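Structure at a glance
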Amino acid sequence: MPLLSIPSPSTAWQYFDLTAWLRDAFGWSLPLDFRIHAYAICILIGIVAAVVLANRRLNARGVERWIIIDIAIWAVPAGIIGGRLFHVFTHVSDYFGPGIDPLSFLYIWEGGLAIFGALILGSVGAWIGCRQVGLRFTSFIDAVVPGVLLAQAFGRLGNYFNQELFGMPTSLPWGLEIDSSNAAFPKGLPEGTLFHPTFLYEIIWNVLGVVVILFLARKFTLQWGKVLGLYLIWYGAGRSVLESIRVDTSETFFGVRTNVWMALAAVVIGILIFVVQSRRHTGKEPSPYLPGRGPRPTSDVDSEDTFSEHDDDAADGVTSDEPVTTTR
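This report concerns the structure included in the present document. (Residues numbered from 1 in each chain as written. Predicted model: local features only at pLDDT ≥ 70, side-chain atom pairs only at ≥ 80, totals over all residues. Heavy atoms only, no water.)

Here we look at helix 8 (residues 226–243)
For clarity, the threshold we go by: Secondary structure is summarised from DSSP: a helix means a run of H or I of at least four residues, a strand means a run of E of at least two, and numbering begins at the N terminus for each. In a helix, the anticipated span is given by 1.5 Å times the number of residues less one. Relative accessibility decides the category of a residue: with a 1.4 Å probe and only protein chains considered, values under 20% of the type maximum give buried, values over 50% give exposed, and everything between is partly exposed.
Helix length check: helix 8 (18 residues) gives 25 Å between terminal C-alpha atoms against 26 Å at 1.5 Å per residue, within 8%. Among the 18 residues that make up helix 8, 15 are buried, leaving the element largely enclosed by the rest of the structure.

Thoughts on helix 6 (residues 137–161)
Here is the rule: Bending is quantified residue by residue as the angle between axes fitted to the seven-residue window ending at that residue and the seven-residue window starting at it.
Look at helix 6: 35 Å from first C-alpha to last across 25 residues, which is about the 36 Å you get at 1.5 Å a residue. The largest bend along helix 6 reaches roughly 35 degrees and is located at Val145, with the proline Pro146 sitting one to four residues downstream. Most of helix 6 is tucked away, with 21 of its 25 residues classed as buried.

Observations concerning a nonpolar patch on the surface
Applied cut-off: Exposure above 30% relative accessible area and the lack of any salt bridge qualify a residue for a patch; like charges then connect within 9 Å, and the nonpolar side chains Val, Leu, Ile, Met, Phe, Trp and Tyr within 5 Å. All accessible-area figures derive from a Shrake-Rupley calculation using a 1.4 Å probe, and residue coverage is judged against the displayed protein chains alone. Just to be clear on terms, a salt bridge is a Lys or Arg side-chain nitrogen sitting within 4 Å of an Asp or Glu carboxyl oxygen.
Where nonpolar side chains cluster on the molecular surface, the patch consists of Phe16, Leu30, Phe34, Ile36, Ile41 and Ile45 and spans about 490 Å² of accessible area. The topology assignment puts Ile45 in helix 2 (residues 38–60). The exposure class assigned to Ile45 is partly exposed, which follows from its relative accessible area of 40%.

Points about the pattern of salt bridges
This model, assessed by the stated rule, comprises seven salt bridges. With a shortest N-O distance of 2.9 Å, Arg239 and Glu243 are connected by a salt bridge. Remark: Glu243 and Arg239 occur in helix 8; sequence separation between them is four residues, near one turn of the helix. Look at Arg239 and you get buried, because its relative accessible area is 4%. The exposure class of Glu243 is buried, given its relative accessible area of 0%. What emerges from the salt-bridge pattern is a single network uniting Arg239, Glu243, Arg246, Asp248 and Arg257.

Here's what the structure looks like:
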């Protein structure tokens, strides 16, 4: 192997066998094999990072601390389900066919989450959570999407541990080594072939995107879903390029991979969101809370305290210089 190539972790790094460790260390015997997969750890770290960053951004707008947990209870499971369903839909031949375990589509710990499916169902879960706690969906989604991009970076690191979703062969010095015994290793290529480390490309693109989006959101006070639009444009543009150089099997339409179409659609939707919301809402969001809703009373704040909130017209983008005082 070239001196500057990127080695892939051995299969020993893909998971930690907790059952075997407990048996060897303490003589304990578990009825089932329990493995902690590196991919799952990366996903969980990403979720935690997204929640922490979103919580800080919501707090900065006056939202009570950790209310995001109440929303994440809805959004995270829905996002995982959506991500898995979309991945299976775009890789049908990997999960259904002769000699394939019919339950393999449930083995999420082995890898396989599609961000576009996660965004679709995750957004539905987030909308439900926002209605429960009284937050504007646009306020929440604008706060969370930079963290989502950061979580995606951690997820790509999980792909690295699984030796999956790599790119075409390359002679570049940062080529990725893949074990020839790996089921994803393209047939017909000689052992020692190096591949584009698309996991690394996307990590860099996503982290850079977090920095750019946070900077632009602060500089121009982007609200009303415009941060979401910026996220879709950034991620869709990068993903459309990176997806086109991957070698894993995928469903195609008109000779183009499904995820490329989805990435291009994300760019278009992002532009539409940004343009439409810029025209509909020329002022700032009056509050991150829905009209008539506000922070829940705490021991330090009497439940009869008042807070300023604009009327329902403000929710539609009509702002007023005179706040309406309501009592809870």
